[in-house]
Amino acid sequence: MATTIIVGTQWGDEGKGKITDLLSEQYDVIARYQGGCNAGHTVVVEDKQYIFHLLPSGILHKDKICLIGNGVVLDPEVFFDEINALEEKGISIANRLFVDYKTHIIFPYHKMIDESMEEEKENLKIGTTKKGIGPAYVDKYSRNGIRACDLIHSDSLEKKLNSQLEHKKLYLYKNYQIDISKENINKIKEKYHEYGQKLKKYIIDGSLLLDEQIKKHKNIIFEGAQGTMLDVDHGTYPYVTSSNPMAGCACTGCGISPIYIDKVIGICKAYTTRVGEGPFPTELVGSIGEKLREYGNEYGATTGRPRRCGWFDAAVVKYANRINGIKEIVLTKLDVLSHFKKIRICKEYKINNQVYPHYPADSEIIKLIEPIYEEIEGWKEDISHINNFNDLPKKTIEYIKKIESLTDCKAVIISVGPKRSQTIIR
Ligand code: GDP
Ligand code: IMO
Ligand code: MG
């Protein structure tokens, strides 16, 4: 049996989708443990591209079980759209896609609140995906949430909706002149009860399913969304998402014990990107950043927004490796750096003229970071067709080894293009 957590080591979009799909071949179950449809996980098979926002990225493997764990917040509309898109392509999900009873549900007003909170903030905009993620988690943690199992029962759904909307009435009315009459609440109730009836056949006790699979010595991937630096506790707060992408959350987000986790694999882009607001020490705002965006096609898979781009930041990845227990990384998008004559790596930080050995925890200190760079000769050669590590140019190998030594881990897989075949397994 092997159980592996896949976690983003930067600010998301590291290529978790590609690698989850790739590794799924050797696994039996793929479970998402947090986040919601703010995620955009891209999988390219032959010439077809799939973007999964909610479904686990192992879903294209026809014999694999996929689970949406209790730690996820689920938008039923997106869930059924993704299922329909797969079925149209002839991919059946019958009897192998499941949702935990305890998964919290995103309602239309969560999306409205997300949008309006962003508009209201002047200087403190987060740049959220506006998918209702934060407001849905707020309801969960204020013990006012509505879960997948609640959608099935019409009477209790009505009571819960009334209770949830009671707290939001004024806000929704003030910002949207939303009709919060009994009639309108009934409309939402009807629609979501209908979703509940459709959802029924997917809903199971996810924790029990995983326990049974573990006892049968099956292999399980826990697929994280977002990235460590977007973690609500350990990321660049408040410019973070509203869940814990870090590996520790795989247990609470799926209902299994930490004693069953064998390994954590960190997914790490060969440079750095970020979507939305917040600190980004190695960001390149000029022409080099634009080149990274152009060659790496760095546009959000969920919102289409241009991603901010910068050089590799070893301090960030070292931090992610420490708090997630990562010893092995997958280095993605290395092919993108083939376009550059000179490449820089941020080795560590200087703050107030002193070398700072750790990623700072204090947000006021983060503002003072000055990256200390090492410049490396680029290899200026197309590597996107290479499948053997030793066939890589000498300078590419030096770059990989530099990252390994700075972040104290081994790059076990190197990705040189979006396709499954563009991968080097060491
Ligand atoms: P995720 O959110 O971590 O799953 O990553 P995204 O799917 O949002 O973004 C990664 C993007 O890079 C997608 O468009 C992938 O198809 C693409 N990609 C993944 N690995 C590679 C790679 O090694 N090279 C290149 N050029 N593109 C890659
Ligand atoms: P994947 O799984 C990159 C960012 C948003 C915003 C912040 C909060 O594809 O790596 P939210 O909608 O979650 O409340 O937004 O988090 N963000 C992501 N950035 N990749 C993601 O997911 C992201 N999910 C959220 O841009 O800055
Ligand atoms: Mg993404």
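Residues numbered from 1 in each chain as written. Chains lettered and ligands numbered in written order. Predicted model: local features only at pLDDT ≥ 70, side-chain atom pairs only at ≥ 80, totals over all residues. Heavy atoms only, no water.

Trainee: Help me get a handle on the domain arrangement of the protein chain, residues and values and all.
Mentor: Once the domains are mapped, the protein chain shows domain 1 (3-100 + 203-265), domain 2 (104-199) and domain 3 (269-425). For domain 1 versus domain 3, the separation of C-alpha centres amounts to 24 Å. Taken residue by residue, the interface counts 37 residues in domain 1 and 38 residues in domain 3. Our count for the contact surface shared by domain 1 and domain 3 stands at 4 salt bridges. Between D47 and K419 there is a salt bridge, with its nearest N and O atoms 3.4 Å apart. The set of elements that each furnish at least two residues to the side of domain 1 that touches domain 3 consists of α1 (16-24), β3 (41-45) and β11 (263-269). Partitioning the side of domain 1 that touches domain 3 into residue classes produces 19 nonpolar, 11 polar and 7 charged. (Domains from an automatic or database assignment. Contact = heavy atoms within 4.5 Å. Salt bridge = Lys/Arg side-chain N within 4 Å of Asp/Glu carboxyl O. Helix = DSSP H or I, 4+ residues; strand = E, 2+ residues; numbered from the N terminus. Nonpolar A, V, L, I, M, F, W, Y, C, P; charged D, E, K, R; others polar.)

Trainee: How would you explain the coordination of the magnesium ion (ligand 3) if you had to name every residue and give the values?
Mentor: Around the magnesium ion (ligand 3), the protein contributes the donor atoms D13 (OD) and G40 (O), at 2.1 to 2.2 Å from the metal centre. Of this pair, D13 sits in the loop between β1 (3-8) and α1 while G40 is found in the loop between β2 (29-32) and β3, placing the two residues 27 residues apart along the sequence. With relative accessibility at 22%, the residue D13 sits in the partly exposed group. (Donors = N, O, S within 2.8 Å, 3.2 Å for Na, K, Ca; no water. Buried < 20%, exposed > 50% of the residue type's maximum accessible area, 1.4 Å probe, protein only.)

Trainee: An account of the site of ligand 1 is requested, with residue identities and associated values reported.
Mentor: The full set close to ligand 1 counts 18 residues, and K16, G17, T42, D335 and S415 are the nearest of them. In isolation ligand 1 offers 580 Å² of accessible surface; the protein chains occlude 92% of this area. Counting residues per element, the ones that place at least two in the shell around ligand 1 are α1 and β3. Here the element with the most residues in the shell around ligand 1 is α1; it accounts for 3 residues. Tallied by class, the residues present in the shell around ligand 1 amount to 4 nonpolar, 7 polar and 7 charged. (Near = heavy atom within 4 Å. Areas by Shrake-Rupley, 256 points an atom, 1.4 Å probe, with all protein chains shown as cover.)

Trainee: Explain the sheet that holds strand β10 (residues 220-223) to me, and be specific about the residues and the numbers.
Mentor: The strands making up a sheet associate through hydrogen bonds between their backbones, and the pairing can be parallel or antiparallel. Taken together, 10 strands build an open sheet; the order of strands is β9-β7-β5-β2-β10-β1-β11-β15-β19-β20 and the sheet is mixed. Of all strands in the sheet, those bounded by a partner on one side alone are β9 (203-204) and β20 (423-425). As judged from the 4 bridges shared by strand β15 (residues 328-332) and strand β19 (residues 410-415), these two strands associate in the parallel manner. Paired with I329 across the bridge in β19 is A411. Its contacts with the sheet place helix α7 (residues 206-215) against β2, β5 (65-68), β7 (97-100), β9 and β10, and it is angled at close to 145° to β5. (Pairing = 2+ DSSP bridges. Axes fitted to C-alpha atoms, helices over the stretch in contact; angles between N-to-C directions.)

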